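Each chain, written out:
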Amino acid sequence: MSAVREILLPRWVVPVRPEGVVLENHGVLIEAGRIAAVGHGDELRREYPDATVTELPERALIPGLVNIHTHSAMALMRGLADDLPLMRWLEDHIWPTEQRWVGAEFVRVGTDLAMAEMLRGGTTCFNDNYFFPDVTAAAADRVGMRSVIGIPIISVPTAWAQTEDEYFRRGLDMHQQLLDMPLVSSAFAPHAPYTVTDKAFHRIRSLAEEMDIPVHLHLLETAGEIQGSIDQYGLSPLDRMDVLGLLTDRLLAVHMTQLDDADIARLARAGVHVLHCPASNLKLASGICRVADLDAAGVNVAIGTDGAASNNTLDMFAETRLAALLAKGASGDPEAVPAERALSMATINGAKALGQEDRIGSIEVGKCADLAAVDLSAMETSPVHHVISHLVYAASRSQVSDVWIEGRRVVDGGALTTLDADRTAREAEQWGRRLLASDQGGAGEIRS
Ligand SMILES: CSC[C@H]1O[C@@H](n2cnc3c(O)ncnc32)[C@H](O)[C@@H]1O
Ligand SMILES: [Zn+2]
């Protein structure tokens with residue numbers, strides 16, 4: 001957190017709230033990690049003559065992006081298994097690799113690699129769901145990245161826990177440790193309806209209420225999931241979650257590609273948040289989430305990348321653009337998810353899903369100074385007719401020049417300030433060699 005006053009003077013401020021607004025020649029005053037004022041640049045300089053001034057020519061200053069669904073450590077599994085449907089991808093490739101390799105050091109390096117990628121691309125907060133969450137939390141705390149770390153619950157034994165009971169035990173211990181990490185908080189993260197028992201879901205419902213934390217769950221990812229649930233429980237996954245008392249505004253439902261009109265009305269009534277991962281859904285051919293209809297029904301939709309093994313990037317610019325385009329193509333309505341709404345889904349809607357709407361997700365006085373500066377002077381975004389259009393439809397993450405989290409500059413002119421990029425790249429390379437040597441039946445590339 002910076003102790004001094006700093007005025008950021010970009011060419012444009014895109015506060016996100018109100019949606020669609022662009023403020024030209026305005027600035028943002030940061031004090032003690034918070035946004036203390038937003039106003040005309042000249043006036044801020046006059047009013048706060050003691051403040052450090054940071055000029056950001058031709059930059060658009062936006063709220064930091066919120067990646068609402070990640071498995072950070074899976075950055076080490078990028079490209080390991082592509083072009084497969086979900087269950088073959090998981091059962092034949094990802095789970096065997098995780099059984100063999102996932103441990104504390106794997107998760108530490110994978111999380112560092114993912115955070116390096118996310119920070120450089122303008123993401124300031126991620127909502128994670130993976131094994132060794134204590135290690136992910138410690139890495140995020142060390143780097144100074146805002147995050148919500150899932151307490152994984154799954155009936156599959158791993159190196160982190162053998163039984164659902166042990167997942168709870170270790171997860172609750174981790175929740176206590178996180179109380180000392182100012183940028184890190186926790187959520188329950190049951191893996192999916194097909195890997196978590198009713199008993200565990202009951203316990204999650206009551207503990208989540210008691211601890212006042214969200215429940216982050218892969219749900220309705222594929223048609224096969226619905227049929228499997230009907231076969232096993234005599235209920236669709238959505239009906240089962242309803243019976244278990246989980247369809248509430250605490251639920252962050254990831255994927256949701258199999259919705260009918262009645263489901264959408266039900267989600268809207270219950271206040272369930274939908275975490276939309278368009279690249280992963282398309283790549284695994286899981287289905288398409290009806291984002292335009294959800295949005296029209298008043299459901300809060302936020303955007304996430306999913307893990308790098310199914311996306312295969314952690315690029316929130318690409319994901320947001322894809323979300324806007326896919327909503328139009330899938331609904332047949334070019335007005336569906338306009339650029340302004342897509343940007344909201346990548347920022348304030350993520351904040352809302354996490355219950356942090358009063359702290360992050362927009363540039364408003366009193367909120368944390370989690371910000372990203374995007375250089376629009378690049379040829380690819382010149383001339384600038386419409387700033388938000390450029391941010392969503394034309395700009396790429398490589399145009400992010402600077403990033404602040406709680407007022408601390410974590411990316412400075414494209415360089416990471418709190419994470420050693422060279423060391424992380426070297427460590428990731430070493431893990432890559434190990435995984436390749438063990439050849440768990442991965443991508444099957446022919447290398448000579
Ligand atoms: C306990 S959560 C981590 C668990 O989830 C697996 N995973 C990653 N992406 C997906 C997805 O899209 N659907 C279902 N499961 C997924 C990951 O490999 C871990 O085993
Ligand atoms: Zn996922």
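Residues numbered from 1 in each chain as written. Chains lettered and ligands numbered in written order. Predicted model: local features only at pLDDT ≥ 70, side-chain atom pairs only at ≥ 80, totals over all residues. Heavy atoms only, no water.

This part covers the site of ligand 1. Residues in close proximity to ligand 1 total 18 residues, the closest being Trp95, Glu98, Asn129, His191 and Glu221. At 2.7 Å, a side-chain N or O of Glu98 approaches an oxygen atom of ligand 1. Contact between ligand 1 and His255: an oxygen atom at 3.2 Å from a side-chain N or O atom of the residue. Coverage of ligand 1 by the protein chains reaches 100% of its 460 Å² of free accessible surface. Among the residues forming the shell around ligand 1, the class breakdown is 10 nonpolar, 5 polar and 3 charged. (Near = heavy atom within 4 Å. Polar contact = N/O pair within 3.5 Å; in protein donor to acceptor, adjacent residues only side chain to side chain. Areas by Shrake-Rupley, 256 points an atom, 1.4 Å probe, with all protein chains shown as cover. Nonpolar A, V, L, I, M, F, W, Y, C, P; charged D, E, K, R; others polar.)

What follows concerns the coordination of the zinc ion (ligand 2). Here the zinc ion (ligand 2) is held by the protein donor atoms His69 (NE2), His71 (NE2), His218 (NE2) and Asp306 (OD), which lie 2.0 to 2.3 Å from it. For the zinc ion (ligand 2), the 4 donor atoms are set out with angles of 88 to 170° between them, so the coordination reads as irregular. Summarised as a motif, the one-chain spacing of the donors to the zinc ion (ligand 2) is H-x1-H-x146-H-x87-D. With a relative accessible area of 0%, His69 lands in the buried category. (Donors = N, O, S within 2.8 Å, 3.2 Å for Na, K, Ca; no water. Tetrahedral: all angles 85-135°; square planar, octahedral: opposite > 155°, others 65-115°. Buried < 20%, exposed > 50% of the residue type's maximum accessible area, 1.4 Å probe, protein only.)

With numbering matched to this structure, UniProt assigns "binding site: substrate" (unreviewed entry) to Glu98, His191, Glu221 and Asp306. Turning to its location among the elements, Glu98 is positioned in helix H2 (residues 86-101). For Glu98, a relative accessible area of 10% corresponds to the buried category. Ignoring any residue separated from it by four or fewer positions in sequence, one finds Glu98 in contact with Met74, Met77, Tyr130 and Phe131. Of note, His191 is situated in the loop between strand E9 (184-190) and helix H6 (198-211). On the accessibility criterion, His191 (13% relative accessible area) is buried. Contacts of His191, omitting those with residues within four sequence positions, involve Trp95, Ile153, Ile154, Val196, Leu217 and His218. (UniProt positions renumbered as here; feature names shortened; annotations may be inferred. Helix = DSSP H or I, 4+ residues; strand = E, 2+ residues; numbered from the N terminus. Contact = heavy atoms within 4.5 Å.)

Often, the extent of an interface is quoted as the loss of accessible area on bringing the components together. Its domain assignment divides the protein into domain 1 (5-63 + 364-416) and domain 2 (65-354). A straight line from the C-alpha centre of domain 1 to that of domain 2 covers 29 Å. Together, the buried faces of domain 1 and domain 2 total about 2,500 Å²; carbon and sulfur atoms form 65% of this surface. Area buried by domain 1 at its contact with domain 2 is led by Val392, Tyr393 and Arg397, which between them contribute 28% of it. Here domain 1 is connected to domain 2 by 5 salt bridges. Here Arg341 and Glu19 are joined by a salt bridge, their closest N and O atoms 2.9 Å apart. On inspection of domain 1 and its partner domain 2, the count reaches 9 residue pairs in polar contact (both at pLDDT 80 or more). Looking at the side of domain 1 that touches domain 2, the elements with two or more residues in it are strand E5 (52-63), strand E14 (371-375), helix H15 (387-394), strand E15 (400-405) and strand E16 (408-412). (Domains from an automatic or database assignment. Buried area = accessible area lost by both parts, 1.4 Å probe. Salt bridge = Lys/Arg side-chain N within 4 Å of Asp/Glu carboxyl O.)

This next bit is on the packing of aromatic side chains. Under the counting rule described, the total for this entry stands at 5 aromatic pairs. With centroids separated by 5.9 Å and ring planes inclined at 85°, the aromatic side chains of Trp101 and Trp431 adopt a geometry described as edge-to-face. Highlighted residues: Trp101 in helix H2 and Trp431 in helix H16 (residues 421-438), separated in sequence by 330 residues. Here Trp101 falls in the buried class, since its relative accessible area comes to 15%. On the accessibility criterion, Trp431 (8% relative accessible area) is buried. On the numbers, 5.3 Å between centres and 80° between planes, the contact of Phe106 with Trp431 is edge-to-face. (Phe/Tyr/Trp six-rings, centres within 6.5 Å; stacked < 30°, edge-to-face > 60°.)

The next subject is the UniProt feature "binding site: Zn(2+)" (unreviewed entry) in the protein. Listed under "binding site: Zn(2+)" (unreviewed entry) in the UniProt record, and renumbered for this structure, are His69, His71, His218 and Asp306. In sequence the annotated residues extend across 238 residues, while in space they remain close, none of their C-alpha pairs exceeding 11.9 Å. Within the element layout of this structure, His69 appears in strand E6 (residues 65-70). When residues no more than four places from it in sequence are discounted, the contact partners of His69 are Asn127, Asn129, His216, His218, Val254, His255, Leu275, Cys277, Gly304, Thr305 and Asp306. Within the structure, His69 has its side chain in polar contact with the side chain of His216 (distance 2.7 Å). When sequence neighbours within four positions are dropped, the list of residues in contact with His71 reads Asp128, Asn129, Tyr130, His218, Asp306 and Gly307.

Moving on: unusual backbone geometry. With an omega of 0°, the peptide bond between Arg17 and Pro18 qualifies as cis. Tracing the chain through its elements places Pro18 in the loop between strand E1 (6-13) and strand E2 (23-24). Residue Asn312 is bonded to the preceding Asn311 through a cis peptide linkage, with omega at 15°. At Glu58, a position not held by glycine, the phi torsion is positive, near 60°. Residue position: Glu58 is located in strand E5. For Glu58, a relative accessible area of 31% translates into the label partly exposed.

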